[in-house]
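Structural overview
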Amino acid sequence: MGYFKNITLNNFRNFENYSLNFSKECNVFFGINGCGKTNVLEGISLFSKGKGLRKDRLNNLIKKNHKHFSIKSDFDNQNIIYNFLIKSEYRNDNVKKIFSVNEDRTKDIIDTIYNLTTFLYFLPETERLFLASPNTRRNFIDQLIFTYNTKYNKTLNLYNKYLLERSKLLKTNILDEKWLSQLEKYISLYALEIYSFREKQIGILSEYLNKYLNYYNLNFKISIKLNDSFFTKNITEDLIVKELKKNRNKDALIGGCSVGPHKSDYIFYVNKDFLASQLSTGQQKTLILLAFLSQSKYLIDIEKRKPILLFDEVCSHLDELNRSILLGLVESFNLQIFMTGTSKDLFSFLSTNTNFCNITEK
Ligand SMILES: Nc1ncnc2c1ncn2[C@@H]1O[C@H](COP(=O)(O)OP(=O)(O)OP(=O)(O)O)[C@@H](O)[C@H]1O
Ligand SMILES: [Mg+2]
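What the rule picks out here adds up to 30 aromatic pairs. Seen in terms of ring centroids, Phe4 and Phe84 are 6.1 Å apart; in terms of plane orientation they differ by 80°. Their pairing is edge-to-face. Taken together, the residues span a long stretch of sequence, with Phe4 in strand 1 (residues 3–4) and Phe84 in strand 6 (residues 80–91) at a distance of 80 residues. Classification of Phe4 as buried rests on a relative accessible area of 1%. Among the residues examined, Phe84 registers a relative accessible area of 2% and is labelled buried. Grouping aromatic residues by their ring pairs yields a cluster made of Phe4, Phe47, Phe75, Phe84, Phe99, Tyr114, Phe119 and Tyr121. For the cation-ring pair, Lys225 lies above Tyr269, with the distance from its terminal atom to the ring centre recorded as 4.9 Å. Cation over ring: Lys344 sits above Phe356, and NZ or CZ is 5.1 Å from the ring centre.

What follows is about the nonpolar core. Across soluble globular proteins, nonpolar side chains have a tendency to be buried as a group. In terms of nonpolar packing, the biggest core is built from 72 residues, with Leu290, Phe311, Leu326 and Met339 touching the most fellow members. The leading source of residues in this core is helix 5 (residues 177–215), at 14 residues. Lining this core are residues from two domains, each supplying at least three of them: domain 1 (1–127 + 306–362) and domain 2 (131–278). Setting aside chain neighbours within four positions, we find Leu290 in contact with Leu209, Tyr212, Leu213, Tyr216, Leu218 and Ile325.

Right, let's talk about the domain arrangement of the protein for a bit. Note: interface size is frequently given as the accessible area lost on complex formation between the parts. Looking at the protein, the domain boundaries give domain 1 (1–127 + 306–362) and domain 2 (131–278). Taking the mean C-alpha position of each, domain 1 and domain 2 sit 29 Å from one another. Tallying the contact residues gives 13 residues for domain 1 and 9 residues for domain 2. Between domain 1 and domain 2 lies a buried interface of about 890 Å² when both sides are counted; carbon and sulfur atoms form 62% of it. Here domain 1 and domain 2 share 0 salt bridges between them. Taken together, the elements giving at least two residues each to the side of domain 1 that touches domain 2 come down to helix 2 (107–116), strand 8 (118–122) and helix 9 (320–332). Taken together, the residues of the side of domain 1 that touches domain 2 sort by class into 7 nonpolar, 5 polar and 1 charged.

Another point: unusual backbone geometry. Phi angles above zero are rare outside glycine, and Asn92 is one such case at about 45°. Notably, Asn102 is not glycine yet its phi reads approximately 50°, a positive angle. On the accessibility criterion, Asn102 (39% relative accessible area) is partly exposed.

On inspection of all chains with the given rule, the structure shows 0 disulfides. Between Cys357, a cysteine without a disulfide, and Cys26, which holds the nearest cysteine sulfur, the sulfur-to-sulfur distance is 10 Å. Note on Cys357: relative accessible area 5%, which makes it buried.

Judged by how many residues are buried, strand 5 (residues 70–77) sits mostly within the fold: 6 of 8 residues are covered. Sheet topology note: the strand 2 (residues 6–12)/strand 5 ladder contains 3 bridges and is antiparallel. What sits directly across from Asn10, in strand 5, is Ser70. With 8 bridges joining them, strand 5 and strand 6 adopt antiparallel strand pairing. Across the sheet, Phe75 pairs through a bridge with Tyr82, a residue of strand 6. If you look at the hairpin formed by strand 5 and strand 6, you'll find 2 residues sitting between the two strands, and Gln78 has a positive phi there, around 50°.

Conventions we followed
Residues numbered from 1 in each chain as written. Chains lettered and ligands numbered in written order. Predicted model: local features only at pLDDT ≥ 70, side-chain atom pairs only at ≥ 80, totals over all residues. Heavy atoms only, no water. Phe/Tyr/Trp six-rings, centres within 6.5 Å; stacked < 30°, edge-to-face > 60°. Helix = DSSP H or I, 4+ residues; strand = E, 2+ residues; numbered from the N terminus. Buried < 20%, exposed > 50% of the residue type's maximum accessible area, 1.4 Å probe, protein only. Lys NZ or Arg CZ within 6 Å of the ring centre and 35° of its normal. Core = buried A, V, L, I, M, F, W, Y, C linked by side-chain atoms within 4.5 Å. Domains from an automatic or database assignment. Contact = heavy atoms within 4.5 Å. Buried area = accessible area lost by both parts, 1.4 Å probe. Salt bridge = Lys/Arg side-chain N within 4 Å of Asp/Glu carboxyl O. Nonpolar A, V, L, I, M, F, W, Y, C, P; charged D, E, K, R; others polar. Disulfide = S-S within 2.5 Å. Pairing = 2+ DSSP bridges.

Below, the structure written as C-alpha cells:
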C-alpha cells in the first residue's frame, strides 16, 4: 500500500495555491486556530470515495469568490508514482468531484486506486463517541467497515434511497402496492446485509480491543452489544418484509421507517455492565485510540491493507498511557499518519523524524 508524497491545493477552502511535501510516516500540521489544518486533512481525505472527512457539500469546498477547486497529489505505491487530481465540475448546477489518475478517469483505474487508499479518521467529535447519539456510533462502525469493504458504501446508499422512496410513497394517497412491496423487498435485502457487516465489524473490534487492553495491562474487558428492538439472531428477509408491511400505517403517520439498521445502536460495556460512557474523558480516549490501533492491526494482518491515518486534534487529554498508545500506532506499523494541533509542543513525544508543517497561507 502506498503513501501521499505531497499535496497542492488550488482555490480549496482558505487556500489559493498551497503546496506541502509529506513524509511517508508521521506528518504534523500545526498553526493557530483557523489557519487551515483541518482543511489540509480534508483535502487528503477527498482522495477516497465520498465527500471526505467533513462530509460537507462540495460547493463549500471551493474558495469563496472562486468557481472551481483542484487538489493534486503524487501517490507512491511500491515505487510507482500515480498523479492524482481532483477537480470540481458543474453538472446541472451541482458541483461534482472528478477524480483522475495519470489523466485517466475511467472507472476501473479509479476503483483500483480507491482500493489502495484506505483512511481512518479521528475527528474532534470522535472523542465523544460513547456520549454522542446512536447515529454517531453507527457512523463510526460504518467508517470502520469502509476501510476494507469499498462496496459497503453502495449498500448503505441504496438502503437509504429505498427507505426514502418508501416514505414518499406511503405519504401519497394512491398506493402503488406492487412498487411498495418491491421497495420493501429491497429494503429487507440491504437491511440484512448491513446488520451482518456491522456484526462482523463489532466482532473484529471486540476481539482486537480486548487483546490490546491486555497488552497495555488494562485490567478490564470490553463487550459491544447491539441495541435494536427489532433485531434477533434469527432475522430473515421475510421477517423484515412482514414487519415493514405491518408498520405501513404507523410509518405513514409518523414518517420514516420504524425498524431497521438505521435505528440500531452499539453500546460499549466495560466488564459486562458498566457503560463506557461513564468512564472518564481520558479513559474514553484510551478506548478510542485502542479502537484505531485494533482496526489498523486487523487491516494489516487480515485484509492486507495499510490504512492512512487522518487524526484531527488528537492530542488533547493525552496522559502518558494515551501518548504511548498513540506512539504505538505511529511507530508499530509504518503507517502514513497526518495529525493536527495548534502547537508543535503538543507533539514533542513523537520521534525526531516527524515532518512538522507550519500551516500559514491565508
Ligand atoms: N470555502 C471557503 N472559502 C474560504 N475560506 C474557507 C472556506 N471554507 C472554510 N474556510 C475557512 O478556512 C479557515 C480554516 O479552517 P480550518 O477548519 O481548516 O482551520 P483549523 O486550522 O483546523 O482551525 P482549528 O485549530 O480551529 O481547528 C477558516 O477560517 C474557515 O472559515
Ligand atoms: Mg481544525
